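What the coordinates show
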Amino acid sequence: MAASVKDVALHAGVSVGTVSNVLNNPGKVSQATIDRVRASVEALGFVRNDAARQLRAGRSRSIGMVVLDIGNPFFTDIARGAEGRALRDDLVVLLGASDDDASRESSYLQLFEEQRVAGILISPRGDVEADLLRLQTRGVPVVLVDETASDSFSSVAVDDVAGGRMAVEHLIGLGRRRIAVVGGPESLHQIRDRVAGARAAVAAHPDAALEVIPTAAPTVLEGRGIGELLAARPPSRRPDAVFAVNDLLAVGLLQGLTMLSDIRVPEDVALIGYDDIEFASSAVVPLSSIRQPSRLIGETAVELLLDELAGDRPHRSVLFRPELVVRASTAGAVLSA
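Residues numbered from 1 in each chain as written. Predicted model: local features only at pLDDT ≥ 70, side-chain atom pairs only at ≥ 80, totals over all residues. Heavy atoms only, no water.

Assigned secondary structure in the protein consists of 13 helices and 12 strands. Its C-alpha atoms give the protein principal-axis dimensions of roughly 85 × 40 × 30 Å. Within the protein, the proportion of its 337 residues that are buried is 50%. Surface accessibility of the protein: about 15,900 Å² in total, with carbon and sulfur atoms responsible for 52%. (Helix = DSSP H or I, 4+ residues; strand = E, 2+ residues; numbered from the N terminus. Buried < 20%, exposed > 50% of the residue type's maximum accessible area, 1.4 Å probe, protein only. Areas by Shrake-Rupley, 256 points an atom, 1.4 Å probe, with all protein chains shown as cover.)

In this section: the sheet that holds strand β11 (residues 317-320). Spatially, β2-β1-β3-β4-β5-β11 is the arrangement adopted by the six strands of the open sheet, whose pairing is parallel. One side of each edge strand has no neighbouring strand; the edge strands of this open sheet are β2 (92-97) and β11. Here the average twist between neighbouring strands, direction ignored, is 15°. Relative to strand β3 (residues 119-122), strand β1 (residues 62-67) is paired through four bridges, and the arrangement is parallel. Directly across from Gly64, in β3, lies its bridge partner Ile120. Here helix α7 (residues 129-137) sits on the sheet and contacts β3 and β4 (142-145); the angle it forms with β4, its principal contact strand, is near 145°. Sheet strands in contact with helix α13 (residues 294-310) are β1, β3, β4, β5 (154-158) and β11, and its direction is about 165° off that of β5. (Pairing = 2+ DSSP bridges. Axes fitted to C-alpha atoms, helices over the stretch in contact; angles between N-to-C directions. Contact = heavy atoms within 4.5 Å.)

Helix length check: helix α6 (residues 102-114) (13 residues) gives 19 Å between terminal C-alpha atoms against 18 Å at 1.5 Å per residue, within 8%. Every buried residue belonging to α6 is among Glu105, Tyr108, Leu109, Phe112 and Glu113, and all of these are buried. With its buried residues spanning 135° around the axis, α6 presents them on a single face. Those residues of α6 that are buried are in contact with β1, β2, β3 and α7. (Expected span 1.5 Å × (residues − 1). Arc of directions from axis to C-beta.)

This part is about unusual backbone geometry. In most cases, non-glycine residues show a negative phi, while peptide bonds are predominantly trans. Cis geometry marks the peptide bond from Gly184 to Pro185; its omega dihedral reads 0°. Among the secondary structure elements, Pro185 is positioned in the loop between β6 (178-182) and α9 (189-203). Across the junction of Val265 and Pro266, the peptide omega takes the value 15°, indicating a cis bond. Along the chain, the position of Pro266 falls in the loop between α11 (247-258) and β9 (270-275). With phi around 60°, Asp146 is a residue other than glycine that occupies positive phi space. Tracing the chain through its elements places Asp146 in the loop between β4 and β5. For Asp146, a relative accessible area of 2% corresponds to the buried category.

The next subject is the nonpolar core. Among the nonpolar cores identified, the biggest contains 71 residues, and Leu121 and Phe243 are the most heavily contacted of them. Counting residues per element, this core draws most heavily on α11, at seven residues. Those residues in contact with Phe243, other than ones at most four positions away along the chain, are Gly164, Ala167, Val168, Leu171, Ala180, Val181, Val182, Arg194, Ala198, Ile272, Gly273 and Tyr274. By size, the runner-up hydrophobic cluster in this structure holds 14 residues, among which are Tyr108, Leu109, Val117 and Phe153. (Core = buried A, V, L, I, M, F, W, Y, C linked by side-chain atoms within 4.5 Å.)

A word on the environment of Arg237. Its location among the elements puts Arg237 in the loop between α10 (220-232) and β8 (241-244). Under the relative-accessibility criterion, Arg237 is labelled exposed at 53%. Note: C-alpha distance between Arg237 and Ala86 (151 residues apart in sequence) is 51 Å.

Moving on, we come to the packing of aromatic side chains. Here the structure, examined in full by the defined rule, presents three aromatic pairs. Between the aromatic rings of Phe74 and Phe75, the centroid separation amounts to 5.1 Å while the plane-to-plane angle is 65°, which identifies the pairing as edge-to-face. Taken individually, Phe74 and Phe75 each receive the classification buried, so the pair is uniform in this respect. With a centroid separation of 6.2 Å and an interplanar angle of 45°, the aromatic rings of Phe243 and Tyr274 are classed as tilted. Here Phe243 is found in strand β8, whereas its partner Tyr274 is found in strand β9, with 31 residues between them in sequence. The ring of Tyr274 has Arg194 sitting right over it, with the charged end atom 3.9 Å from the ring centre. (Phe/Tyr/Trp six-rings, centres within 6.5 Å; stacked < 30°, edge-to-face > 60°. Lys NZ or Arg CZ within 6 Å of the ring centre and 35° of its normal.)

Shown next, in the form of structure tokens:
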């Protein structure tokens, strides 16, 4: 049986209150008493029940976080940023991935509520606003992550419309005019916004044409399949530039375009992705990408949550601007207009 606070007190020859002070308020006791209690803690192998302590105190040191896809390095980096910032305030992050499944997302929200977390960070997949509002009314603040502004919650995101436009303007600036945008599902507003930005860029250039090619998911496998289909087209019907709405798709497209054909990237098809994950720079042809400040997004989400917990200010929305990163998949790919 695990040792209790009473066991430690008996072993050290002090009161239970003294043991509590050593564990939680050591400034109230002498160094000799601290040393004696700590020696008993070590001898008995005592581990305090932090969950019970938090329950008695009416506060938690845990933050719940729900992301769309932990297999996507973009969301992994957001989680790392959140974790690093949370640790600075002696908080821990409990992470769950919805995997684009609304029921799974709801299950995590219920679990975190049952765990009495201090607050929740979430990249919403489904229509969970009612659930999130209910949590807020119960004293659990919520911050939306990778989500546009909301009147009801604080949020942090990147301007994906600007990012999509930036990617396609880069391709048009290279002299490319037959441009494909690859990505889906369009149920994700981030993808809709990136496609909208791409359309806006092409609309400003009457001599350019845009083809939108949807995918069931933004994965390497989906990208590879689309790449193989594009490679099978005759050159006259093949795009001379492709914007993949995330880097996982771009990696797959690179494989599909080049592995079973003589298509060259970027000479025949210029290719740019989105997110600038670590894989982008280490691909066989290093990928140009639209960089999102993923770790900063996670850090900022925790900062917003801390503000909510402190009640210091009303809901805030932070919108970062993405950045173009040019690598070999588009570098040196300029065609005459």
